[in-house]
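# Working through the structure, step by step
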Amino acid sequence: MIESLSHHLLERCSLRTGPSCEDPKFVLHWIRAALRFEENPTFDVARLIANQMGLPLLVYHGIDERYPHASYRHHKFLLEGARDLEKEAADMGVDYLLHVSRKGHRQPVLKLLSEDAAVIVTDLVDLDPWSDWSDAIAKMRTLIEVDAHCVLPRQVFGRSVDRPFKFKNSTKRMVNARKGVNWPVCDVPITRMSELYDPPFAPVSAHRELERDGGVQLLSQCEIDPTVMPVTDVCGGTKFAKRKWENYVENGLKRYHRTRNDASNRDGVSGISPWLHYGMIAATKVVREAIDTGGKGADKFLDEMLIFREQAYHHCHELQSPRDWSSLPEWARISWRERIQPMVNKKERDLETGDTGDSLWDSAQMGLVRHGVMHNNVRMTWGKGVARWIQDPNSAMNITQCLNDRYALDGRDPNSIAGVMWCYGLFDRPFDPPSDYMGRIRRRSTEGHASRLDMKRYRDWVGAPTNGRIMDIGIVGSGISGMFAGQILSRLGHKVTIYDKGWRPSGRLAYRQTEDGSMFSIGSINMDGSRNWMNRFQWDLGNSAKPFKNFLDELSKDQEVNYNTRIVGVKEDAQGVLLWGSSDSQEVQFNHSRVIVAVPIEQATRLLEEGVLSGESAPYWVAWGPGHEGSDSLPEGWSIRNVGNGTIELRLDPNSSEEHINRTKDEMASLIPTKAGFSPVGWSSHLWRYGRPISGPARVVHHGRIAFIGDAFGTPLGTIGAALDSAARAVADLHLMRGWNDEIDAVKSRQSNLMDW
Ligand SMILES: Cc1cc2nc3c(=O)[nH]c(=O)nc-3n(C[C@H](O)[C@H](O)[C@H](O)COP(=O)(O)OP(=O)(O)OC[C@H]3O[C@@H](n4cnc5c(N)ncnc54)[C@H](O)[C@@H]3O)c2cc1C
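A separate point is the overall build of the protein. Secondary structure assignment for the protein yields 28 helices and 21 strands. Against the 2.2 N^0.38 benchmark of 27 Å for 757 residues, the protein shows a C-alpha radius of gyration of 29 Å, consistent with a compact globule. The principal-axis extent of the C-alpha atoms belonging to the protein is close to 90 × 70 × 55 Å. Residue pairs in contact within the protein that sit at least 24 positions apart in sequence constitute 75% of those at least 6 positions apart. Only carbon and sulfur atoms are counted for the fraction: they give 48% of the accessible area of the protein, which is about 30300 Å². Of the charged side chains in the protein, 94 are positive and 98 negative; the average position of the first set lies 5 Å away from that of the second.

Structure follows, in structure tokens:
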């Protein structure tokens, strides 16, 4: 099948013969990590084989929720890539179908497509879970994996070499034979799919989704991490990649040898690595054009592309588990074992939020979180910095990898794996005599690096707010959803003001104190509706006595909340959004460019004109007071809890609470304990009139520049999971809606980010 391919394609193919299809309807090009048609060997191979077999060619592109660190950031970049593919496919007359896995659309599409495919051709990805997916598909159908990422095909060399100079020497002849060569044009005719073909899924038009609302509606159905914000200062796709690269060739490449180490100069590096990572631009093209440019700058750049980048790809090709600690050189592992333990142990969340107190490290982390990029030179210092604060070096390396993969647009790549591991000794040599916490591993101190850097200039660009400008956001409600949205927004550099009618952040996570001062919750005592991404935000949830106190304290850090401020109306006006109400008996008005309303559904409904929102909550009466023993004869629908220190709490379910909905707190503070067999002396009660929603939109609602979040605006209704999820999605939506357009393209194409390690 592949024997007749010309040499430049054949050498990039790994054939895995599987069961044949009795009645094939097409050859399938499965796009994974090479999102382009131009200079794409995978596409050429699929096209040639389809032509050879006399079958139509179907290009299938799936955006899954299961890739590591799946997030709004990566999904948006992928969707933008898909938009260009859609256009290019239409221009070429190729059938291109995009599937976005989401609620109601999680069928095993590839398995279903493979039933009708003569053969599946895909780009070679050596990392999990893609390699596992390849194994599974190869059992169903013949699979051809094509190297679409390297200049020197991994099938030709594909070995791990311990030092860059050795890799250079071992591959020099092979690379020389391939670099700079024009990519042969493949123009064999393509047979279109029958018009009657009915795909096993509803294809998505990325163009239409992005045009309509920047992808808000589509992504709202995907179970992905909404706290990793879409980046709006660059755009995914071949069009942007090409323009960015051309701009760099014209204006920067010649000076690369002089500018590449200065992280404060964001135009000093190409920043093309995210597009290389997603295969939106061919490495063969980038290398060829750098050779054509020539000069010292291009030579240095070619070292990055042909030595460091390719070494990482070949390394990951050979190793089964390249991320493992065991793939570090032995001298490095011994050195780490013997190193002097660092004195300071930082929490992972302080690293993630850039709160270590180290100016350079925190700035670098801020840039990563806000813009999805980190300058290559700073990234080396940043990666090594973590080892200073985490006692177990393996954990330090994993944390670094995780932060990089979660936030960097070029993360989850052989290049970033090798980059992070280089910080821990991979591809490097020992340095003697050993130093304190780095042992024999090459040192790079953040202080030393900062002293060589124009820190002001560096901070100016990494600290620029996500979305290009500071948004002024008002938030109504300091419950968990309002506080969470506020914290995410402030960390992204926006101005946030929170209003609450109460006197401290809590809402339905309110807590009270027993006689001896210990705390217990009178609202939620559990967290339901949790998603995987929420694990890293659940600070100290394990403490059942005050389950959410620490969480709320954490969310309150550095947040401006106007307490005792009741908002009674919200509407859009010429300035943005107007809020009005009262604060300490005074009438007040506030203007913001956008507002997020984070209050229970009924209260939200009352703030707006009629008809925009609807939903209903169930009430809960709660009473607490002195008592020791549990009562055996509680009325139906009542529950009892010993909250310790001689305090008992009684809760009535919504039906029982409804029966007493018009009673006062004093009446219930007597009635509830008495009916449960306790003396009412010293008892108190609280009515959660809007305790937990039983109906509501179950998704974030945007009404012009006003967004509604909370436990009625997410799923499962009435859970903390829904409240947190809706908060993060609303913030992500603000970034999606801004999006990218040609007007600001000129500015954006100047943005630089990572160079290859
Ligand atoms: C008794 C009970 C048991 C529960 N059990 C569970 C459980 O087991 N598991 C689970 O996951 N969830 C449970 N929940 C639900 C959970 O507590 C909520 O989903 C979550 O706390 C909602 O947070 P929020 O920020 O959306 O809203 P809230 O916590 O209600 O916060 C809204 C805030 O807005 C303020 N506010 C309201 N109106 C205005 C206004 N007009 N102006 C200014 N401020 C205003 C309020 O003062 C409040 O601080 C329970 C809730 C109750 C009441």
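Now, onward.
The next point concerns the pattern of salt bridges. With the rule as written, the count across this model stands at 42 salt bridges. Notably, a salt bridge pairs Arg-16 with Glu-145, separated by 3.2 Å at the nearest N-O pair. Of this pair, Arg-16 sits in strand β1 (residues 13-16) while Glu-145 sits in strand β6 (residues 143-146), and the two are 129 residues apart along the sequence. The partner of Asp-711 in a salt bridge is Arg-508, and the shortest N-O contact between them spans 2.7 Å. Of this pair, Asp-711 sits in the loop between β21 (706-708) and α27 (720-738) while Arg-508 is found in the loop between β8 (495-499) and β9 (511-513), placing the two residues 203 residues apart along the sequence. Residues joined in a network through salt bridges with shared partners are Arg-12, Asp-126, Asp-147 and Arg-154.

Take a positive patch on the surface next. Taken together, the side chains of Lys-168, Lys-172, Lys-179 and Lys-300 present a region of like positive charge at the surface. Topologically, Lys-168 is positioned in helix α6 (residues 164-178).

The mixed open sheet is built from 6 strands, whose spatial order is β1-β6-β5-β2-β3-β4. Bordering the open sheet on either side are β1 and β4 (95-100), each of which pairs with just one other strand. Across this sheet, the average inter-strand angle for adjacent strands is 20°, counted without regard to direction. This element, helix α5 (residues 130-138), spans β1, β2 (26-31), β5 (117-123) and β6 of the sheet and lies at about 150° to β6.

Turning next to helix α3 (residues 72-92). An ideal rise of 1.5 Å per residue puts 30 Å on 21 residues; α3 measures up with 30 Å between its terminal C-alpha atoms. In terms of burial, α3 is a largely internal element, 15 of the 21 residues being buried. At the exit of α3 stands Gly-93, carrying a positive phi of roughly 80°.

Among the secondary structure elements, Glu-629 is positioned in the loop between β16 (616-626) and β17 (638-644). As for Glu-629 and Pro-393, which are separated by 236 residues in sequence, their C-alpha atoms are 50 Å apart. Discounting residues that sit within four places of it in the chain, Glu-629 has contacts with Ile-648 and Phe-678.

The environment of the ligand is made up of 35 residues, and the closest members are Asp-500, Arg-508, Asp-528, Ile-567 and Asp-711. Here an oxygen atom of the ligand sits 2.8 Å away from a polar atom, N or O, in the side chain of Ser-481. Between Asp-711 and the ligand, the recorded distance is 2.7 Å, taken from a side-chain N or O atom to an oxygen atom. Contact with the protein chains removes 95% of the 1000 Å² of surface that the ligand exposes when unbound. Secondary structure elements with two or more residues in the shell around the ligand: α22 (480-491), β12 (565-573), β19 (684-695) and α27. For the shell around the ligand, the per-class residue count stands at 12 nonpolar, 15 polar and 8 charged. A domain-level breakdown of the shell around the ligand finds at least three residues from each of domain 3 (472-614 + 696-738) and domain 4 (617-694).

In this section: the environment of Trp-30. Here Trp-30 shows up in strand β2. Classification of Trp-30 by relative accessible area gives buried; the value is 6%. For the pair Trp-30 and Phe-43, spaced 13 residues apart in the sequence, the C-alpha separation amounts to 9.1 Å. Those residues in contact with Trp-30 that lie beyond four places of it in its chain are Tyr-60, Leu-110, Ile-120, Val-121, Thr-122, Asp-123, Trp-133 and Ile-137.

Quick look at the packing of helix α17 (residues 376-385) against helix α18 (residues 393-407) now. α18 packs onto α17 with a crossing angle of 140° between their chain directions and a minimal axis gap of 9 Å. Classified by the angle their axes make, α17 and α18 are oblique. Side by side, α17 and α18 meet where Arg-379, Trp-382 and Gly-383 of the first sit next to Thr-400, Leu-403 and Asn-404 of the second. Here the residues of the contact of α17 with α18 sort into 2 nonpolar, 3 polar and 1 charged.

Time to look at the domain arrangement of the protein. Size of an interface, as often reported, equals the accessible area lost when the parts are brought together. Split into domains, the protein comes out as domain 1 (1-181 + 205-318), domain 2 (325-462), domain 3 (472-614 + 696-738) and domain 4 (617-694). Computed over C-alpha atoms, the centres of domain 1 and domain 2 are 27 Å apart. Taken together, the contacts link 37 residues of domain 1 with 32 residues of domain 2. At the boundary of domain 1 and domain 2, one finds 1 salt bridge.

Counting 171 residues, the largest nonpolar core has Tyr-424 and Tyr-458 as its most contacted members. Considering every element that reaches this core, the biggest residue donor is α27, with 10 residues. For Tyr-424, the residues in contact, after removing those within four places along its chain, are Trp-325, Leu-328, Ala-332, Trp-336, Gly-383, Val-386, Ala-387, Pro-393, Ala-396, Met-397, Thr-400 and Ile-441.

This next bit is on the sheet that holds β12. Spatially, 3 strands are ordered β12-β13-β14 in an open sheet, and the strand pairing comes out antiparallel. The two strands at the open ends of the sheet, each matched to only one other strand, are β12 and β14 (586-592). Strand after strand, the sheet turns through a mean of 20° between neighbouring axes, direction not considered.

Under the criterion given, the structure shown has 23 aromatic pairs. Ring centres of Tyr-256 and Phe-301 lie 5.6 Å apart, and the angle between their planes is 85°; on these two criteria the pair is classed as edge-to-face. Of this pair, Tyr-256 sits in helix α10 (residues 256-259) while Phe-301 sits in helix α13 (residues 295-318), and the two are 45 residues apart along the sequence. Take Tyr-256: its relative accessible area is 0%, and that puts it in the buried class. Relative accessible area serves as the criterion here: at 0%, Phe-301 is assigned to the buried category. Note on Phe-520 and Trp-624: the rings are 6.2 Å apart at their centroids and 70° apart in plane angle, and the pair reads as edge-to-face. Linking Phe-520 in strand β10 (residues 519-521) with Trp-624 in strand β16, this pair joins segments that are 104 residues apart in sequence.

Across the interface, helix α9 (residues 238-251) lies against helix α12 (residues 283-293) with an axial gap of 11 Å and an inter-helix angle of 20°. Considered as vectors, α9 and α12 are oriented roughly parallel to each other. For the pair α9 and α12, the sense of crossing is right-handed. Together, Lys-242, Trp-245 and Val-249 of α9 and Lys-285, Val-286, Glu-289, Ala-290 and Thr-293 of α12 make up the contact between the two elements. Class assignment of the residues belonging to the contact of α9 with α12 gives a composition of 4 nonpolar, 1 polar and 3 charged.

Analysis parameters
Residues numbered from 1 in each chain as written. Predicted model: local features only at pLDDT ≥ 70, side-chain atom pairs only at ≥ 80, totals over all residues. Heavy atoms only, no water. Helix = DSSP H or I, 4+ residues; strand = E, 2+ residues; numbered from the N terminus. Rg over C-alpha atoms; globule rule 2.2 N^0.38 Å. Contact = heavy atoms within 4.5 Å. Areas by Shrake-Rupley, 256 points an atom, 1.4 Å probe, with all protein chains shown as cover. Lys, Arg positive; Asp, Glu negative; His and termini not counted. Charge placed at Lys NZ, Arg CZ, Asp CG, Glu CD. Salt bridge = Lys/Arg side-chain N within 4 Å of Asp/Glu carboxyl O. Patch = residues over 30% accessible without salt bridge, like charges linked within 9 Å, V, L, I, M, F, W, Y side chains within 5 Å. Pairing = 2+ DSSP bridges. Axes fitted to C-alpha atoms, helices over the stretch in contact; angles between N-to-C directions. Expected span 1.5 Å × (residues − 1). Buried < 20%, exposed > 50% of the residue type's maximum accessible area, 1.4 Å probe, protein only. Near = heavy atom within 4 Å. Polar contact = N/O pair within 3.5 Å; in protein donor to acceptor, adjacent residues only side chain to side chain. Nonpolar A, V, L, I, M, F, W, Y, C, P; charged D, E, K, R; others polar. Domains from an automatic or database assignment. Parallel < 35°, antiparallel > 145°, perpendicular 65-115°, else oblique. Core = buried A, V, L, I, M, F, W, Y, C linked by side-chain atoms within 4.5 Å. Phe/Tyr/Trp six-rings, centres within 6.5 Å; stacked < 30°, edge-to-face > 60°. Left-handed = near helix turned anticlockwise from the far one by under 90°.

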